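Working through the structure, step by step
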Amino acid sequence: MAAISTFFRLLLLISFMQALVMTNTVFDVKLVHRDSPKSPLYNSSMMTFDRLQAAALRSVNRASYLAKRIAMKTSTDIDVRVHYDDWEFLMEFSLGTPNPQHVWGILDTGSSLNWVNCVGCECFNKTAALFNHSASLSYNKFTCNSDECKSFSQGHCDDDQTCVYHYAYADGTNIDGMFSSDTFRFYSSDTKQFTSIPNILFGCNFRSFDTIDNDFGSTIGLGPSSPSLIHQLAPKYIDKYFSYCLDSWYYGGLASRLFLGRGNTTVTGKVTVTSFMTQNNGYAVQLNSISIPDEFNIDYHTRKSKLTAGNIIFDSGTAMTVLDTQVVDELVRKLTDYVSLPTVKQEGEFKLCFDVHSTEQEEQLPGLLFSFAGELGNFSVSPENLFTWFGAHVKCMVILGTNDIQIFGNIMQKDVLVGHDLEKMELTLTEKKCI
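First, a word on scope: everything that follows refers to the structure included in this document. Because the structure is predicted, anything quoted here is derived from the model rather than measured.

**So, the overall build of the protein**
If you tally the helices and strands in the protein, you get eight helices and 27 strands. Look at the contacts in the protein between residues 6 or more apart in sequence, and 69% of them connect residues 24 or more apart.

**Remarks on unusual backbone geometry**
The omega torsion across Thr97 and Pro98 is 5°, close enough to zero to call that bond cis. As for its position among the elements, Pro98 is in the loop between β2 (89-95) and β3 (101-108). The omega torsion across Ser226 and Pro227 is 5°, close enough to zero to call that bond cis. Turning to its location among the elements, Pro227 is positioned in the loop between β10 (218-221) and α5 (229-233). In this model, Asp294 sits at a positive phi of 70°, which is unusual for a non-glycine residue. Following the sequence through the fold, Asp294 ends up in the loop between β15 (287-292) and β16 (296-299).

**Topic: the sheet that holds β16**
With antiparallel pairing, four strands are arranged side by side in an open sheet as β16-β15-β20-β21. Strands with a single pairing partner mark the edges of an open sheet, and in this sheet they are β16 and β21 (378-381). Neighbouring strand axes in the sheet, compared pairwise and without regard to direction, differ in orientation by 20° on average. The pairing of β15 with strand β20 (residues 368-372) spans four bridges and is antiparallel. When the sheet's bridge partners are listed, Leu287 is paired in β20 with Phe372. Helix-sheet contacts for helix α6 (residues 325-338) involve β15, β16 and β20, and the interaxial angle to β16 is about 180°.

**What to know about α6**
Between its terminal C-alpha atoms α6 stretches 20 Å, which fits the 20 Å expected from 14 residues at 1.5 Å a residue. Capping the start of α6, Asp324 holds a side-chain oxygen 3.0 Å from the backbone nitrogen of Gln326, two or three residues further along.

**So, the pattern of salt bridges**
Per the stated rule, a full pass over the model turns up twelve salt bridges. Here Glu88 ties to Arg58 by a salt bridge, and the two come within 2.8 Å at their closest N and O atoms. One end of the pair, Glu88, is in the loop between α3 (77-80) and β2; the other, Arg58, is in helix α2 (residues 48-71), with 30 residues separating them in the sequence. The pair Glu88 / Arg58 is uniform in exposure class, with both members buried.

**A look at the sheet that holds strand β23 (residues 394-397)**
In spatial order, the strands read β19-β23-β22; together these three strands make up an open sheet with antiparallel pairing. In this open sheet, the two strands that pair with only one neighbour each are β19 (353-355) and β22 (387-391). Averaged over neighbouring strand pairs, the angle between their axes works out to 35° when direction is ignored. In the sheet, β19 pairs with β23 via three bridges, with the strands oriented antiparallel.

**Considerations on the side chain of Lys395**
Within the fold, Lys395 resides in strand β23. Overall, the relative accessible area of 5% leaves Lys395 in the buried class. Once residues lying within four places of it in the same chain are set aside, the contact partners of Lys395 are Leu352, Cys353, Phe354, Val356, Glu362, Leu365, Phe387, Thr388, Trp389 and Phe390.

**What about the nonpolar core?**
Of all hydrophobic cores here, the largest spans 87 residues; its most connected members are Leu258, Leu368, Phe370 and Ile399. With five residues, α6 is the single largest residue contributor to this core.

**Description of the state of the cysteines**
Applying the stated criterion across every chain yields a total of four disulfides. Covalent S-S linkage joins Cys118 and Cys204, the inter-sulfur distance amounting to 1.9 Å. Here the S-S torsion is close to -135°, and the disulfide linking Cys118 with Cys204 is therefore left-handed. Highlighted residues: Cys118 in strand β4 (residues 115-123) and Cys204 in strand β9 (residues 193-209), separated in sequence by 86 residues. Neither residue differs from the other here; Cys118 and Cys204 are each classed as buried. Across a sulfur-sulfur distance of 1.9 Å, Cys353 and Cys396 are joined as a disulfide pair. Negative torsions about the S-S bond denote left-handed disulfides, and the value of about 105° found for Cys353 with Cys396 makes this one right-handed.

**Things to note about the packing of aromatic side chains**
Inspection of the entire model under this criterion finds 21 aromatic pairs. Between Phe93 and Phe184, the ring centres sit 5.4 Å apart and the planes meet at 5°, which makes this aromatic pair stacked. On the criterion of sequence distance, the pair formed by Phe93 in strand β2 and Phe184 in strand β8 (residues 174-188) is long-range, its members being 91 residues apart. Relative to Phe202, the ring of Phe131 lies with its centre 6.1 Å away and its plane at 70°, an arrangement referred to as edge-to-face. Of this pair, Phe131 sits in the loop between β4 and β5 (140-141) while Phe202 sits in strand β9, placing them 71 residues apart in sequence.

**Structural notes on the environment of Asn281**
For Asn281, the location among the structural elements is in the loop between β13 (271-279) and β14 (282-285). C-alpha separation for the pair Asn281 and Gly221, spaced 60 residues apart in sequence, amounts to 9.6 Å.

**A few points about the pairing of β10**
Neither face of β10 is left uncovered, since the one carrying Ser218 and Ile220 and the one carrying Thr219 and Gly221 both have all their residues buried. As defined by bridge partners, β3 adjoins β10 across three bridges and the pair is classed as parallel. Its bridge partner lying in β10, Asp108 is registered against Gly221.

Reading guide: rules and limits
Residues numbered from 1 in each chain as written. Predicted model: local features only at pLDDT ≥ 70, side-chain atom pairs only at ≥ 80, totals over all residues. Heavy atoms only, no water. Helix = DSSP H or I, 4+ residues; strand = E, 2+ residues; numbered from the N terminus. Contact = heavy atoms within 4.5 Å. Pairing = 2+ DSSP bridges. Axes fitted to C-alpha atoms, helices over the stretch in contact; angles between N-to-C directions. Expected span 1.5 Å × (residues − 1). Polar contact = N/O pair within 3.5 Å; in protein donor to acceptor, adjacent residues only side chain to side chain. Salt bridge = Lys/Arg side-chain N within 4 Å of Asp/Glu carboxyl O. Buried < 20%, exposed > 50% of the residue type's maximum accessible area, 1.4 Å probe, protein only. Core = buried A, V, L, I, M, F, W, Y, C linked by side-chain atoms within 4.5 Å. Disulfide = S-S within 2.5 Å. Phe/Tyr/Trp six-rings, centres within 6.5 Å; stacked < 30°, edge-to-face > 60°.

Put into C-alpha cells, the structure is as follows:
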C-alpha cells in the first residue's frame, strides 16, 4: 500500500510540474521597495523626511552588522549573534505543489540561506504568511545523513534524525527550523509566465521568536556561497549571472527588477566593469578614488580597509552609501567649496545639505566620479543619485560616515543595471532606465 501511495503521489506531482525553467534561460522577478505603496510595510503617514531618516539609520546599522560579521570571519548571521531590520527590497515568490503558496521574501545580496516561516511555527510575527509544508507534494525535509545536510554548515541532528538548525541572537531572537527543499515558483512580468524550479534548498522555520515588527518570515539570499539561490540555479538552469535594476526609491521602487541568468538583449548605455571579490558572502570591489575631474581627487590607494578583499561592498540591501568618516569629512569640505549654495544643518546622519530654491540652483549640484579598479572602472554618479530632496528646499548628499565597513548603497545605483558575473568575477554597471 505504501508503494502504491508513493506512486500516485509521484504521478500527481509530475502532473503539476509545468513550466519548469529550461537550461541557459533568463527570467525577471519584480522587486518592491519597503516604502512602496505595494509593500506590506507601506505606511502612508510617513513623510519623505521620516523615510530618509529611517533609511539613513538602517544604512549605518547594516554597515555595523557587516563589520561584526567580517570581524568574526563568518558568512552567516547565526554566528554574529545580532539581528537587524536593515533590508530594502522585497520580492514575491511562491513554493509548493500542487497549489503554490505566495510568500514575500527579503532580497539580500549579502546572505546565503533562503528560509521561510512554516505553518505550526511559534512565530513572533503573527501577520507574516506561513508556508504550509504539509500541503505540498514536492516538500522534502532532509535527514542528518543526507549529502544536503552534510553540506550545510549549520545543520545538525535532532532526536528524529532530521537535519535542523538553531539561531540564537543577542537581542533575544531565536530561530529553529528544518533544512528542506521544495519547488519555488517566480512570476516574470516580462513573459507574463510563471517559472517553476524544483528542489530548491531552504530553511523551514518551526520556531521564530523575534523582537522586531518588520520580520516577513522569509529571506532570499543571493550571496556567492551555497546554498544561495544563484548558487543553486547556476549552472544547472541558468548562467552563473544575475543582475538587478532599481528605479527611484523616492517613488517607491515600482519598476525595480531582478534578472536571474544572462539575457541576449543588448543594453545600450555607458558601461563600467570592475573585478569583484567575495567577502563573507558579499560582493566587494576596489575603489581607487572619488573625484570631480579637474577640480579635486580623493585618493583611496593608501587608505586602510577592514575588508580582506577590496575596500567597499556593493550592496542592494543598503540605501545610503556609507564611507569612512574621514573621507566623508574631506568630501564635505571639497563639495562645500565647489558648490556656491548655502548649506543647511540637518539632524541625524546627513553630513551635507544645501538650500535649493530654483531649478537653476539645483543644476549647480554636481555628480561624482567613482574610479574602481580596471581599465573600464570609472563610474559616474549623477547629481540626481548623489543628492535627494530632504524637504521643500533642502537637498542632502546620500553619503554617510562610518567607522565600520564601507558600502556602495542602492540609491546611488538607481537606474543602473548592476550585473554580477560569478564566472568572470566581474561587476558590470550599465546606465539604464528601469522603467
